[in-house]
Structure formats: structure tokens, C-alpha cells
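What the coordinates show
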Amino acid sequence: MELLQKLEILADAAKYDAACTSSGLNRSGRPGTIGSTTQCGCCHSFSADGRCISLLKVLMTNVCVYDCQYCVNRRSNDLPRAAFTPRELCELTMGFYRRNYIEGLFLSSAVLRDPDYTTEQMIQCLRLLREEYRFGGYIHAKAIPGADPLLTQQLGLLADRLSVNIELPSAQSLALLAPDKKKQAILAPMGQIRDGITVSKQELKVYRHAPRFAPAGQSTQMIVGATGESDRQLLALTQGLYRTYRLKRVFYSAYMPVSNSPLLPAPQGFQPPLLREHRLYQADWLLRFYHFQAEEILDENQPYLDPRLDPKCGWALRHLEHFPVEVNRADYETLLRVPGIGVKSARRILAARRFGPLNFQGLKQLGVVLKRAQYFITCSGRMERGLRVSQDGLLRHLVALEAPNLAQPEWEQLSLFHGRCVMNWTQVSYLYDGSLAGFLTCVFEAYTHREEPADFTPFDQACASFYAQRSVETDRAKAQRVYRSLEAKLGKTGKDWLLRGFLTCLPDRELWLWRFLRLGYKRGPDFARDLTHPV
């Protein structure tokens, strides 16, 4: 088989391995070697589905003795098979590196013959790269569960990062879908790698030229959606793995239907749980950087993450007794719990308030996302001017903020025989400063967030509302963008009518002008000739 054919087969077979992480390692090039790696090095480029493409991600072989039902390379699957020799893969890697196609190698493998033989082939390949070709770039290698610990030790001395895929979240799922694999066989090399990294760090303190074992740490990956475990179970397992094995990352991979096994979801009409995968990554971020516990994010009463909201907003809505938070007095841990305040902005708040009290404009300049945070904070004891919201209204508003970032339903061709098409936008009451620029800013925000204004109220006339209320600060740049579009969308006559209408004192003028503007945007400049339309 030609080398190019092997590459096509084995690169395609490796696409389900998650590798979108930075190298986590800083090593400059040395005389007589080729390549280097930096902490931001290997993953600066991503494919459309979010996976890293800066590594040569490939399998040593897709010939496997195991028959895992969820795996495309399972023994019973009828597909083209191939295997690289260590020399072939080395030459391929160096050729791609010299052409600047890649910055490193991500090497995994199916189990050929047995775990020991497969690991030996991977070691031989990496040894050729490191010693004969003097390759100093980043290498991420998958350790094979069940291999001899001495072989895993040798693999860790040649690779920058090791990973052992835990695959499925429970021993029951593993026994059902991958009976050839055992939970203890997967966890044993993870413990060995953890201990090897600890010993290596101690040796480096004594002798700085001591060999380094997996200096970029270890990671793992689990499949989401193939079995019935809840998000609560997945996060509890993730938290345990971080604490027990000191992992750098836990990757989640939405199950892709690659099998017709009755033990798995039927492929017909199955939608990979990509949004669930995304929410789990967000919750994972809360565990790693925001000092949350898995038990806080989800509990027995709510075992799944709300797909409409990011997990931090979901937690805040369920614990409104902790809010609002006074940003001029709250400690770092409390600030991290506020939606819209991240790690960097929390540190900036602590530094900035040493020089004086902060207000909402100052928080915006510090990088706080006020469109979320404004509902959960006070500045000097005061909430944002004119802000009034109920718990239900707050939920609707936060869901509306998330909606533009989520996948939208596919549009269908309209039919005369179907019901009337209604645009399902969230209704929101807008508070603004009463100026024309403020009104045009509201128009910009309405289209951006897919919101249908229920009314427009100046700040000094704010009152309680049945709708979620949103305070909109005048943004000249946004207002200018809307203003420049008026003549093209409404025509000179329509633009003139809108500007004159804003100067009147008619009740609900903004709401009528909003409807007028929407009609013009939809139908174009000729709409002004239709004097029979109620708007």
C-alpha cells in the first residue's frame, strides 16, 4: 500500500481523538536539533468543528484486536486497514514539519496483536524522531492500557504529553460496550504517569539535566452520549480524576454514530450531543479555574446542565440568595461566582478598587461583561440605573443572550397552506436615555440579540414591568451603524418620517417607530408608498 493511502486511512481514523490543547510546555530549540515547542505552540489553529489542526494527528495502525462497540476501528467493522512502520511515520512527520505544515505529532493507535507490541512500535517511532532525526518539537502520545509499566515509562521519556483515554464514564458501561477493557487496566497507567511526573520533578531539582518524564502532563478523554450517564455523574468523575491523577485536561467527545449496535443510540435521526459537550467544557472550566465543586453545579434534583444557559448563569439563577454582590467589598472567591466576571476581570477589580470605588462604567472598562453581571452586582450599594427584573424575566433575558451563539434551526420554504410564520423573538422592555442615539442603539441591540421590544422607557420614567427589563447604554458607534442604514433600507422618505416621528410627543412613539423600521427593513424603500398599512 502506498504511503499516501496509509496516511488517508490512518489520519481519518484518528479524527475522533480530541487534541485541541496547547502543548503546555516551553522548550527552545537546541544546536543540532530541529523544532521547538512553546506553551502556546501547537494549537493556534483549529478546524471548523473546533478541533486542532496544527498537529499531525494520526494512528500507528487501525488494525485492532478489540471489539469496542462505540469505536470505528473495532475488530468487527468492515473498513480499510493499514499500519505505518516506525520509519515511515518518522519520515512523514519530518517531511510535513520541514514544509511548515505541522508543529508537532499527536500519535495514537489501535491495539495491534497486544498492548505491549503496539507500545513497542510507538516507542520505536518516537525514539527515531528524537535520537536519529533530532526532532525537538511537541509530541503527544496515547499510552495503551494493559501495556507493561516499563514500556509506558519509556514512552513518557520520549513524549511531551501522555494521555490514557478513560472512554466511558462507568465500569458498567465499559463492561457493556467494551468487554475487552477493564477499569483498573485504564486507571493503572494514569497512576503510573502521575507518579512518574512527580518523581521526574524531584529529580530535576537535584540535577537539571535529568531526563524529563511527560513534562507537559497527562490528559484523558471520555465519550458523551453513548450511554445513559447524567452530566452530574460526568462532572463528579471529572472532579475525581483531577484530584486523584492531577490531569491537565479532561476532554469530552460527543458520540458520533459509527455503529448499528443495539447497545448504542440508533444512527437514524441521531443528533450528536455537541451542545451538551460544549456545556460540559464550560462546567469543566468552572471546576478548574473558578473554584466550583461538582456538587454545587449539579445535584440530584437537577442532574443535567441546562442547554439554554452556560453553567455559571444556571448556578446563579438557582442561588439568587447569594446576590447581589457588592463589587467594592466582595472577596476574590465571591467575585468569581458572578456571571460576567472572569478570572482576569476579578483580579482587575481587586487591583482597581484600591484607588477608589468602582462604578458600572469602570467595570465595563475592566472587561466585565455587564449584560450578564448587571443583574447580580451593586456598586456602592446601588444596582444599575432603572434595572428592575424578576427571576422569570432574568431567565428569559439570559437565555436571549445565549441564543445568538447557539445553532439555529434550519429555515424552511414558506407555504401558502401552512400557518402564519411568527418570528419567535424574546420580548424585552428597554430602558434608555431618551435620545435618538439611544433609541438607535436599542434597535441595534434588538437585532443583535433577537429581542422584540415590548416598550421603550427613558431612565427617569422607569417603573415595574411584566417583561424582562434591560438597560441599554447609548453607544455612538452602534447608533451610527443603524443611522447609516436608514436611507438604504427605508429610502429618503422613510428616513425622514422616522426622524420626524421621534421628535413628536405621541405616546409609545418609540414602539411605533420600531414597527415602522422593522417593516421598512423587511420590504425595502417602496414600503413608504403603502399608505393603507396600519403601521
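Residues numbered from 1 in each chain as written. Predicted model: local features only at pLDDT ≥ 70, side-chain atom pairs only at ≥ 80, totals over all residues. Heavy atoms only, no water.

It is worth spelling out helix H17 (residues 476-502) at this point. In an α-helix, one turn spans 3.6 residues; hence positions three or four apart end up facing the same way. Helix length check: H17, at 27 residues, gives a terminal C-alpha distance of 17 Å against a target of 39 Å (1.5 Å per residue), a shortfall beyond 12%. Its axis deflected by about 120° at Leu490, H17 carries its strongest bend there. Within H17 the residues assigned to the buried category are Ala479, Val482, Ser485, Leu486, Leu490, Gly491, Gly494, Lys495, Leu498, Gly501 and Phe502. Those residues of H17 that are buried are in contact with strand E9 (426-432), helix H16 (436-449) and helix H18 (509-523). Regarding H17, its N-cap is Asp475, as a side-chain oxygen of that residue lies 3.0 Å from the backbone nitrogen of Ala477 further along. (Helix = DSSP H or I, 4+ residues; strand = E, 2+ residues; numbered from the N terminus. Expected span 1.5 Å × (residues − 1). Bend = angle between axes of the 7 residues up to and from the residue. Buried < 20%, exposed > 50% of the residue type's maximum accessible area, 1.4 Å probe, protein only. Contact = heavy atoms within 4.5 Å. Polar contact = N/O pair within 3.5 Å; in protein donor to acceptor, adjacent residues only side chain to side chain.)

Moving on: the packing of aromatic side chains. The tally for this structure, following the rule as stated, stands at 15 aromatic pairs. Taken together, Tyr430, Tyr432, Phe439, Phe456 and Phe502 form an aromatic cluster joined through their ring pairs. The aromatic ring of Tyr117 is capped on one face by Arg113, whose charged end is 4.0 Å from the ring centroid. Arg337 extends its terminal NZ or CZ atom over the ring of Phe292, reaching a point 4.1 Å from the ring centre. (Phe/Tyr/Trp six-rings, centres within 6.5 Å; stacked < 30°, edge-to-face > 60°. Lys NZ or Arg CZ within 6 Å of the ring centre and 35° of its normal.)

The next subject is helix H1 (residues 3-13). Of the residues making up H1, those classed as buried are Lys6, Leu7, Ile9, Leu10 and Ala13. In the core, the buried residues of H1 are packed alongside strand E1 (55-59) and helix H2 (86-98).

Our next topic: the pairing of E1. Looking along a regular strand, one sees the side chains alternate between the two faces of the sheet. Within E1, five of the five residues are buried, which leaves the element mostly enclosed by the surrounding structure. Covered by surrounding structure in E1 are Leu55, Lys57 and Leu59 together with Leu56 and Val58, the residues of both alternating faces. Of the strand pairs in this sheet, E1 and strand E2 (residues 104-108) are connected by five bridges, and their pairing is parallel. Of the residues in E2, the one forming a bridge with Val58 is Leu107. Handedness of the crossover joining E1 and E2 through H2 is recorded here as right-handed. (Pairing = 2+ DSSP bridges. Right-handed = clockwise from strand over helix to strand, strands pointing away.)

This next bit is on empty space enclosed by the protein. The probe, sized like a water molecule, is rolled over the atoms to show the empty space still left. Counted according to the given criterion, the structure contains one cavity of 30 Å³ or more. Estimated volume of the largest cavity: approximately 50 Å³. Looking at the lining of the largest cavity, the element that brings in the most residues is helix H10 (residues 311-318), giving four residues. (1 Å grid on protein atoms, 1.4 Å probe; cavity = no way out; pocket = protein on both sides within 12 Å on 5 of 7 lines; lining within 4 Å. Points joined across faces, edges and corners; volume = space filled by probe spheres on them.)

Here the focus is the side chain of Ser109. With respect to the secondary-structure elements, Ser109 resides in the loop between E2 and helix H3 (115-132). For Ser109, a relative accessible area of 10% corresponds to the buried category. With sequence-adjacent residues up to four places away left out, Ser109 is seen in contact with Leu59, Met60, Thr61, Thr118, Met122 and Ile144.

With that settled, consider the packing of H3 against helix H4 (residues 149-158). Where H3 meets H4, the axes come as close as 10 Å, and the angle between the chain directions of the two elements is 25°. Between H3 and H4, the angle is such that the two are roughly parallel. Crossing geometry of H3 relative to H4 is assigned as left-handed. Along the contact surface, H3 presents Asp116, Thr119, Glu120, Met122, Ile123, Leu126, Arg127 and Arg130, while H4 presents Leu151, Gln154, Leu155 and Leu158. Residue composition of the contact of H3 with H4, grouped by class: six nonpolar, two polar and four charged. (Axes fitted to C-alpha atoms, helices over the stretch in contact; angles between N-to-C directions. Parallel < 35°, antiparallel > 145°, perpendicular 65-115°, else oblique. Left-handed = near helix turned anticlockwise from the far one by under 90°. Nonpolar A, V, L, I, M, F, W, Y, C, P; charged D, E, K, R; others polar.)

This part is about the pattern of salt bridges. A full pass over the atoms with the stated rule returns 20 salt bridges. Note that Arg308 and Asp306 form a salt bridge whose closest N and O atoms lie 3.0 Å from each other. The partner of Arg372 in a salt bridge is Glu402, with the nearest N and O atoms 3.0 Å apart. You can see Arg372 sitting in helix H14 (residues 370-373) and its partner Glu402 sitting in helix H15 (residues 391-402), a full 30 residues away along the chain. For the pair formed by Arg372 and Glu402, the shared burial category is buried. Through salt bridges with shared partners, a single network forms among Arg279, Asp310, Arg372 and Glu402. (Salt bridge = Lys/Arg side-chain N within 4 Å of Asp/Glu carboxyl O.)

The next point concerns the environment of Ala254. In this fold, Ala254 is placed in strand E6 (residues 249-254). Relative accessible area serves as the criterion here: at 2%, Ala254 is assigned to the buried category. For the pair formed by Ala254 and Leu275, sequence separation is 21 residues and the distance between their alpha carbons is 8.8 Å. Once residues within four sequence positions are removed from consideration, Ala254 is found in contact with Val224, Pro273, Leu274 and Glu277.

This part covers the packing of helix H6 (residues 183-206) against helix H7 (residues 231-245). Where H6 meets H7, the closest approach of the two axes is 10 Å, and the angle between their N-to-C directions is 40°. Classified by the angle between their axes, H6 and H7 sit oblique to one another. From H6, Leu187, Met190, Gly191 and Arg194 reach across to H7, where they touch Leu241, Thr244 and Tyr245. A class-by-class count of the residues in the contact of H6 with H7 yields four nonpolar, two polar and one charged.

Strand order in the open sheet formed by three strands is E10-E9-E11, and the pairing between neighbours is parallel. Single-partner strands in this sheet number two, and they are strand E10 (451-458) and strand E11 (468-471). On average, each strand axis in the sheet is inclined to that of its neighbour by 30°, with strand direction left out of account. In this structure, E9 lies alongside E11, joined through four bridges in parallel fashion. Bridge pairing links Leu431 to Ser471 in E11. Relative to the sheet, H18 contacts E9 and E10, its axis offset from that of E10 by approximately 145°.

Turning to the confidence of the model for the chain, a few remarks are in order. For the chain, per-residue confidence averages 86 on the pLDDT scale, and residues scoring 70 or more make up 88% of the total. At the level of individual helices and strands, the chain shows its lowest average pLDDT in E11, which scores 83, and its highest in H4, which scores 97. The model gives residues 416-423 a pLDDT under 50, and that stretch makes two contacts with residues more than four places away or in other chains. (pLDDT = per-residue confidence, 0-100.)

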